Amino acid sequence: MNDNRNMLGILLLLIFFLELRIFINDLKTHYMSGSIILRRRNNMDRYGAIKERLCFLAESDKKIKALVTIGSSARAYSQADEYSDLDIIIVTEEPEAWLYGEYPARLGNMKISFVESTFGGTKERRILYEGSYDLDLIVFTPEQFRESVVNGSCNEVMNRGYVVMYDAMGITSVLKESIKLVVKYDLLPEEEFNNVVN
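Values in this document were obtained by computation on a predicted structure and should not be read as measured data.

Draft legend 1. Region of interest: the overall build of the chain. Across its full length, the chain carries seven helices and eight strands. Split into buried and exposed, the 198 residues of the chain put 37% on the buried side. Long-range contacts, defined as pairs at least 24 residues apart, comprise 54% of the intrachain contacts of the chain with a sequence gap of at least 6. Put simply, the chain shows about 12,300 Å² of open surface, and 55% of that area lies on carbon and sulfur atoms.

Here's what the structure looks like:
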């Protein structure tokens, strides 16, 4: 009888530690070889699986230097809803592979994809994945991104909010120094307001 109780106690303790490990893995900050990877699983985050795949790619691909979420997914105010896209800055030594190659196919089954110019003098690849996942990959080289942050050319976009998901180039401290978060609410002119509500 005592042996059964001891076994049951050990089994319950083992289950507790397994559950604790799962919890820690779901909310954790990795420190690996000088890089910082921030991961947060949120059941309401429809792009959570794509973000995790990107973080795993970054861990294994030394040419990816940083991943930064911007836009409504990163804002504390006026947050993303079920119709929002996901805007991610990818800082890489191989921008052409992300803009014109097959690297984005590692994230899912692409249905539509095109490249256009964006802020900071760079380009973004806009992709619609199966399941209506709309992803904008803003691609910078490490030099372009650092310069864009320091000279302020990305402030208009990043000062509304950003989340560093991966940093192997030490950009987090530069972002904290250079980007000042601003909560910005645009008020409609009275004529437009009246037109909307009447």
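Draft legend 2. Just the side chain of Thr141, in detail. Here Thr141 shows up in the loop between strand E7 (133–140) and helix H4 (142–151). By relative accessible area, which is 18% here, Thr141 ends up buried. Sequence-distant contacts of Thr141, that is, excluding residues within four places in its chain, are made with Val91, Thr92 and Pro95.

Draft legend 3. Representation of the nonpolar core. Residues Leu54, Leu67, Ile88, Trp98, Leu107 and Leu137 are the most contacted members of the largest nonpolar core, which totals 23 residues. Broken down by element, the residue count for this core peaks at five residues, all from helix H2 (residues 48–60). Every residue in contact with Leu67, bar those within four places of it in the chain, is listed here: Leu54, Cys55, Ala58, Ile88, Ile89, Ile90, Val163, Val164, Met165 and Tyr166. By size, the runner-up hydrophobic cluster in this structure holds 19 residues, among which are Ile70, Ile89, Ile138 and Phe140.

Draft legend 4. Structural context of H2. Relative to the 18 Å expected for 13 residues at 1.5 Å per residue, H2 spans 19 Å between its end C-alpha atoms, a close match to the ideal helical length. Restricting attention to buried positions, one finds in H2 the residues Gly48, Ile50, Lys51, Leu54, Cys55, Leu57 and Ala58.

Draft legend 5. Examining the pattern of salt bridges more closely. Summed over the entire model, instances satisfying the criterion amount to six salt bridges. The salt bridge involving Lys111 is made with Glu130; its shortest N-O contact spans 3.7 Å. Separated by 19 residues along the polypeptide, Lys111 in strand E5 (residues 110–117) and Glu130 in the loop between strand E6 (123–129) and E7 bring together distant segments of the chain. A relative accessible area of 52% means that Lys111 is categorised as exposed. Note that Glu116 is salt-bridged to Arg126, the shortest N-O span being 3.3 Å. Note that Glu116 is positioned in strand E5 and Arg126 in strand E6, a separation of 10 residues in sequence. Looking at Arg126, the relative accessible area reads 27%, which means it is partly exposed. Taken together, the salt bridges that share partners define one network made up of Glu116, Arg126 and Asp136.

Cut-offs and rules
Residues numbered from 1 in each chain as written. Predicted model: local features only at pLDDT ≥ 70, side-chain atom pairs only at ≥ 80, totals over all residues. Heavy atoms only, no water. Helix = DSSP H or I, 4+ residues; strand = E, 2+ residues; numbered from the N terminus. Buried < 20%, exposed > 50% of the residue type's maximum accessible area, 1.4 Å probe, protein only. Contact = heavy atoms within 4.5 Å. Areas by Shrake-Rupley, 256 points an atom, 1.4 Å probe, with all protein chains shown as cover. Core = buried A, V, L, I, M, F, W, Y, C linked by side-chain atoms within 4.5 Å. Expected span 1.5 Å × (residues − 1). Salt bridge = Lys/Arg side-chain N within 4 Å of Asp/Glu carboxyl O.

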